[in-house]
Amino acid sequence: MRHILSVLIENEAGALSRVTGLFSARGYNIDSLTVQTTEDPTLSRMTIVTHGSDDVIEQITKQLNKLIEVVKVIDLNEADHIERELMLIKVRAAGKDREELKRTADIFRGRIIDVTEKTYTIELTGTGEKLDAFIKALDATAILETVRTGASGIGRGERILKI
Amino acid sequence: MELSGAEIVSRCLAEEGVEFLFGYPGGAVLEIYDSIFKQDRFKHVLVRHEQAAVHAADAYSRSSNKVGVALVTSGPGATNALTGIATAYMDSIPLVVISGQVPSAAIGLDAFQEVDMIGCSRPIVKHNFLVKDVRELAATFKKAFHIAATGRPGPVVIDIPKDVTMARTEYSYPESVSIRSYNPPIKGHPGQIKKAAQLLADAKRPYIYVGGGAVQGGAAAQVTELVKMLNVPCTNTLMGLGALDGTDPNFVGMLGMHGTYEANLAMQYCDVLIAVGARFDDRVISVPGQFLSNPKKIVHIDIDPSSIAKRVKVDVPIVGDVKAVLTDLIAVLKEQNLKPNPDALANWWKQIDEWRKPNSLLYTPSTEVIKPQHVIETLWKVTNGEAIVTSDVGQHQMWAAQYYKFRRPKQWINSGGLGTMGFGLPAAMGAQLANPNAQVACVTGEGSIQMNIQELSTCKQYHTPVKVLSLNNRYLGMVRQWQEFFYGTRYSESYMDALPDFVKIAEAYGHVGFKVENPADVEPVLKEAFGPALKERLVFIDFRTDQTENVFPMIQNGRGLNQMDLPEHMRGMQQTPFENNRDYGNLC
């Protein structure tokens, strides 16, 4: 099953490689991983999307906690949560396609952030499924380039991951 | 006061009470070696290979209660140390390994003797540090020793670029250390401990399974008290040997791949199992499904949460320091006067005694050829069971584990997790330095000993009068045994041709060497080796042993604890409870 783990980790050189090394050494899957410093510059927060049986997820959580630099780990799936992913997608937008592409982007609440005579670059945020749906909605031959961040997640309501 | 990084390294080691630093110099650590030259707070032991430095530091730690410390140079020095580090990691041994690194400005430029030690060691350390600023050096040492020794212990690497050893800064050693992301548990959950006590009280066939965590965690006294108080049978893993006295009547022997008949069957057919600092690894329970096919309630006490439910789901997990948890468990049992039903327990003992009767460690003695088991039994006799025994890896290791009845923890030193050949001799050296008055024996084979035989030189230099018992069967014995069993006796590359004259080798290094071929000479030679005349000498004994002896019992990969290959006199014997006890399957 798909799980989203949120990890608070010391913002130190090499900390990321400890996490990714752990996943590869123990044969766990990483579907996506995002990381950035938090409002407290000594801490980074990672969102790791992974999949596995409950036993495997339990081991992943325990093994992550065992890393000296990991401060806290939560499995967002244990309660309501929100996840978002950002995609930048560059499409061929010439002639009659131009208007249609703009309309499709609007429907998906995407924003055109760069324009040339022949291309649009569209910024789109949402769940992974929404981004997939947008890609499907486009003519595949029009897509020049996509870049996706992988999911970031946060608990709903009062649920907080903090020291 | 202002000191150089190198001087700070020496000061920190002195502050930590380091007695011996095992190491080997090289370009990147010359500054550190200069600072060692100028101090007299600790001694440096110059090994002949960096792997041996780490093994020696490891065994120094295993045979004492201190952190072992090794120092190696960058590049090949660091990579040579990796096998030693992995060995310590697999067995949870607290070490601090200092590696030199090329100057900061040269990192990443493929400099001479550069290797990414942080990257190379990452999967086999508890933690590692690259010190980029001399001002962080002292605090890093404080943290490293703290991390190595607390919680589930393990090796910590400190990688120090050469320019950091040369830079100067104000020095003071931190008094205390606090790492917000690292707070190892101590006390077990009281509710869980009460549940464990109740399970023990309700048990009809209780069993205590004790691993290396009890040895490392200093919980042997608590294990013994629990076992004796309830009069329950107890087994030790390879790493747990000595946690309960091997001669104690409640001890049913080691369990696992080469465990005794009674220890393995009790593990399979118990109804309540208390696992203490053990991790249900593949060499112990083989296949989890088979192990659980006879239902049982399991209490698992371990300081590392990730050890729990890794291979076997348990009913009562207790995360905590094994010593603290057992102390609390014993208190609850006493307070509430809980103990297993005496009739059920007597019935269980009757069953265990029946399993014991055929003696699965019985072997056929010989007056023609030296039986390896006989050498170990005689070693036990000659040393009165009091020697510190180190071993290498293979058949001799299993025989040492089976036939030397260890009386106390930290007496048996072997590479259980990683199975590192070449561990035995440097380990014996480290153990002897930690215990200068103890008798130290290294049980090895002609294959393993040659993987670090150069340390005979170090032993000479530092006067470590260990006794090396090489069970020389002219085969890589365990490989040969598997080839006999599973590969149609095709002995592919398991014969050690062109063996050297070990007596001459010992003598060339300045030691005493004996070659023993006659079973009648085993005891007199061992007596001489451990006798007063050779007390101060390293003695190397080349025992020419039976070439085709196998280790029994044996559990083949993929089979259950009740599917052992048994020694000849027990072939075909049932591996189930006996007739009057047939109701074992449905009691839980």
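Details of the structure are given in the entry above.
Before going into details, it helps to say that this report is about the structure given with it. Everything numeric here is computed off the predicted structure, so don't read it as measured data. (Residues numbered from 1 in each chain as written. Chains lettered and ligands numbered in written order. Predicted model: local features only at pLDDT ≥ 70, side-chain atom pairs only at ≥ 80, totals over all residues. Heavy atoms only, no water.)

## Brief notes about the overall build of chain A
Just so we agree on the cut-off: Each helix is a run of H or I in the DSSP string that is no shorter than four residues. Each strand is a run of E no shorter than two, and both are numbered from the N terminus. We call a residue buried when its accessible area falls under 20% of the maximum for its residue type, exposed when it is over 50%, and partly exposed in between, using a 1.4 Å probe and counting protein chains only. Any two residues having at least one pair of non-hydrogen atoms within 4.5 Å are treated as being in contact.
Scanning chain A from N- to C-terminus turns up four helices and nine strands. Scanning chain A from its N terminus toward the C terminus, one meets helices and strands in the order β-α-β-β-α-β-β-α-β-β-α-β-β. With respect to the three principal axes, the spread of C-alpha positions in chain A is 55 × 35 × 35 Å. Burial analysis of chain A (163 residues in total) assigns 41% to the buried set. Within chain A, residue pairs in contact and separated by at least 24 positions form 73% of the contacts whose partners lie at least 6 positions apart.

## Examining the interface of chain A and chain B
For clarity, the threshold we go by: Each of two parts loses accessible area, computed with a 1.4 Å probe, when they are put together; buried area is these two losses added. By convention in these notes, a salt bridge is any Lys or Arg side-chain nitrogen within 4 Å of a carboxyl oxygen on Asp or Glu. Polar contact is the term for a pair of N or O atoms within 3.5 Å; when the atoms are in protein, one must be able to donate a hydrogen and the other to accept it, and sequence-neighboring residues count only if both atoms are side-chain atoms. Under the convention adopted here, Pro, Cys and the residues Ala, Val, Leu, Ile, Met, Phe, Trp and Tyr are nonpolar, Asp, Glu, Lys and Arg are charged, and Gly plus all remaining residues are polar.
Between chain A and chain B, the residue contacts involve 19 residues of the former and 19 residues of the latter. Roughly 1600 Å² of surface becomes buried between chain A and chain B when both sides are summed, with 46% attributable to carbon and sulfur atoms. Seen at the junction of chain A and chain B, the total is four salt bridges. A salt bridge links B:Asp304 to A:Lys66; the shortest N-O distance between them is 2.8 Å. Scanning the region where chain A abuts chain B turns up eleven residue pairs in polar contact (both at pLDDT 80 or more). Breaking the side of chain A that touches chain B down by element, the ones donating at least two residues are helix 1 (15-25), helix 2 (54-66) and strand 4 (70-75) of chain A. Element by element, the count of residues in the side of chain A that touches chain B is highest for helix 2 of chain A, at six residues. Partitioned by chemical class, the residues of the side of chain A that touches chain B number six nonpolar, four polar and nine charged.

## Focus on helix 10 (residues 220-230) of chain B
Side chains that are three or four residues apart share a direction in an α-helix, a result of its 3.6 residues per turn. Residue and element names in this part refer to chain B. In plain terms, the rule: By definition, the arc is the one covered by directions from the helix axis to the C-beta atoms.
Of the residues making up helix 10, those classed as buried are Ala220, Gln222, Val223, Leu226, Val227 and Leu230. Looking down the long axis of helix 10, one finds its buried residues gathered within 165° of arc, a one-sided arrangement. Just downstream of helix 10 lies asparagine 231, where phi reads positive at about 55°.

## Here's the deal with the packing of helix 3 (residues 50-62) of chain B against helix 18 (residues 424-434) of chain B
Residue and element names in this part refer to chain B. As a reminder, the rule being used: Axis lines are fitted to C-alpha atoms, over the contacting stretch for helices. Their N-to-C directions set the angle, which ranges from 0 to 180 degrees. Angles are sorted into four bins: roughly parallel if under 35 degrees, roughly antiparallel if over 145, roughly perpendicular if 65 to 115, and oblique for all others. A crossing counts as left-handed when the near helix is turned anticlockwise from the far one by less than a right angle, and as right-handed when that turn is clockwise.
Contact geometry for helix 3 and helix 18: axes closest at 7 Å, N-to-C directions at 45°. Between helix 3 and helix 18, the interaxial angle falls into the category oblique. You can see that helix 3 and helix 18 cross each other, and the crossing is right-handed. From helix 3, Ala52, His55, Ala56, Ala59 and Tyr60 reach across to helix 18, where they touch Pro426, Ala427, Met429, Gly430, Ala431 and Ala434.

## Quick notes on a nonpolar patch on the surface
For the record, the criterion: Every patch collects residues that have over 30% relative accessible area and no salt bridge, joining them within 9 Å if they carry like charges and within 5 Å if they are nonpolar side chains (Val, Leu, Ile, Met, Phe, Trp, Tyr). Accessibility throughout is a Shrake-Rupley quantity obtained with a 1.4 Å probe, and a residue counts as covered only by protein chains that appear here.
Together, A:Leu86, A:Leu88, A:Ile113 and A:Val147 give the surface a local cluster of nonpolar side chains, amounting to about 290 Å² of exposed area. With respect to the element layout, A:Val147 can be found in strand 8 (residues 143-148).

## Structural notes on the side chain of B:Asp271
Inclusion rule: His is not counted, nor are the chain ends, whereas Lys and Arg count as positive and Asp and Glu as negative.
Within the secondary structure layout, B:Asp271 lies in the loop between helix 11 (261-269) and strand 12 (272-276). The side chain of B:Asp271 sits in the buried core without any salt bridge; B:Arg205 is the nearest counter-charge, 4.5 Å away.

## Section: helix 15 (residues 342-356) of chain B
Residue and element names in this part refer to chain B. Test applied: For a helix, the expected span equals 1.5 Å multiplied by the number of residues minus one.
Between the first and last C-alpha of helix 15 there are 20 Å, a value that for 15 residues agrees with the 21 Å anticipated at 1.5 Å per step. Here helix 15 has its buried residues at Ala344, Leu345, Trp348, Trp349, Gln351, Ile352 and Trp355. Buried residues in helix 15, looked at end-on, bunch into an arc of 160°, giving them a common side. When the buried face of helix 15 is taken as reference, the exposed residues oriented beyond 90 degrees from it are Pro342 and Asp343.

## Describing the nonpolar core
Residues and elements named next belong to chain B. To keep it simple, the criterion reads: Residue types Ala, Val, Leu, Ile, Met, Phe, Trp, Tyr and Cys, when buried and joined through side-chain atoms within 4.5 Å, form a set referred to as a nonpolar core.
The biggest cluster of nonpolar side chains holds 110 residues, and the ones touching the most others in it are Met267, Val276, Phe280 and Phe543. Sort the elements by how many residues they give to this core and helix 14 (residues 322-335) lands first, with seven residues. In contact with methionine 267, other than residues within four places in its own chain, are Tyr207, Tyr209, Leu255, Leu273, Phe280, Ile285, Phe291, Lys296 and Leu561. One finds Val115, Ile413, Ala434 and Cys442 within the second-largest nonpolar core, a separate group that totals 49 residues.

## Section: the environment of B:Asp159
All names here are of chain B. Tracing the backbone shows aspartate 159 in strand 7 (residues 155-161). A relative accessible area of 1% places aspartate 159 in the buried class. Along the primary structure aspartate 159 and aspartate 392 are separated by 233 residues, whereas in three dimensions their C-alpha atoms are 29 Å apart. Ignoring sequence-local partners within four residues, the contact set of aspartate 159 consists of Ser99, Gly100, Gln101, Met117, Ile118, Phe129, Leu130 and Val131. Engagement of the side chain of aspartate 159 in a polar contact is seen with the side chain of serine 99, the distance being 2.7 Å.

## Notes on the pattern of salt bridges
Under the counting rule described, the total for this entry stands at 37 salt bridges over all chains. Where B:Lys66 meets B:Glu19, a salt bridge forms, and the shortest distance between an N and an O atom there is 3.4 Å. Of this pair, B:Lys66 sits in the loop between helix 3 and strand 4 (68-72) while B:Glu19 sits in the loop between helix 1 (5-15) and strand 2 (20-23), and the two are 47 residues apart along the sequence. Members of the salt-bridge network, linked through shared partners, are A:Asp55, A:Glu58, A:Lys62 and B:Lys313.

## What to know about the packing of helix 1 of chain A against helix 2 of chain A
Residues and elements named next belong to chain A. Interaxial distance between helix 1 and helix 2 falls to 11 Å at its minimum, and their mutual angle equals 145°. Two packed elements cross with a definite hand, and for helix 1 against helix 2 that hand is right-handed. In this structure, helix 1 uses Val19, Leu22 and Phe23 to contact helix 2, whose residues at the interface are Ile60, Gln63 and Leu64.

## Some points on the packing of aromatic side chains
Residues and elements named next belong to chain B. Put simply, the rule reads: Stacked, edge-to-face and tilted labels apply to pairs of Phe, Tyr and Trp rings (six-membered ring for Trp) whose centres lie within 6.5 Å, assigned for plane angles under 30 degrees, over 60, and everything in between, in that order. Criterion for a charge above a ring: Lys NZ or Arg CZ within 6 Å of the ring centre, and within 35 degrees of the ring normal.
In total, this model carries 18 aromatic pairs over all chains according to the counting rule given. What links up through ring pairs into an aromatic cluster is the set Trp482, Phe485, Phe486 and Phe552. Its end group placed over the ring of phenylalanine 291, lysine 296 keeps NZ or CZ at 4.3 Å from the ring centre. The residue whose ring lies beneath arginine 571 is phenylalanine 552, and the NZ or CZ to ring-centre distance is 5.2 Å.

## Things to note about unusual backbone geometry
Residue and element names in this part refer to chain B. Cis rather than trans, the peptide bond between phenylalanine 552 and proline 553 has omega equal to -10°. Structurally, the position occupied by proline 553 is in the segment after strand 20 (539-544). A positive phi angle is found at asparagine 359, which is not glycine, with a value near 55°. Locating asparagine 359 in the fold gives a position in the loop between helix 15 and helix 16 (372-382). The phi angle at threonine 489 is positive, at roughly 55°, despite the residue not being glycine.

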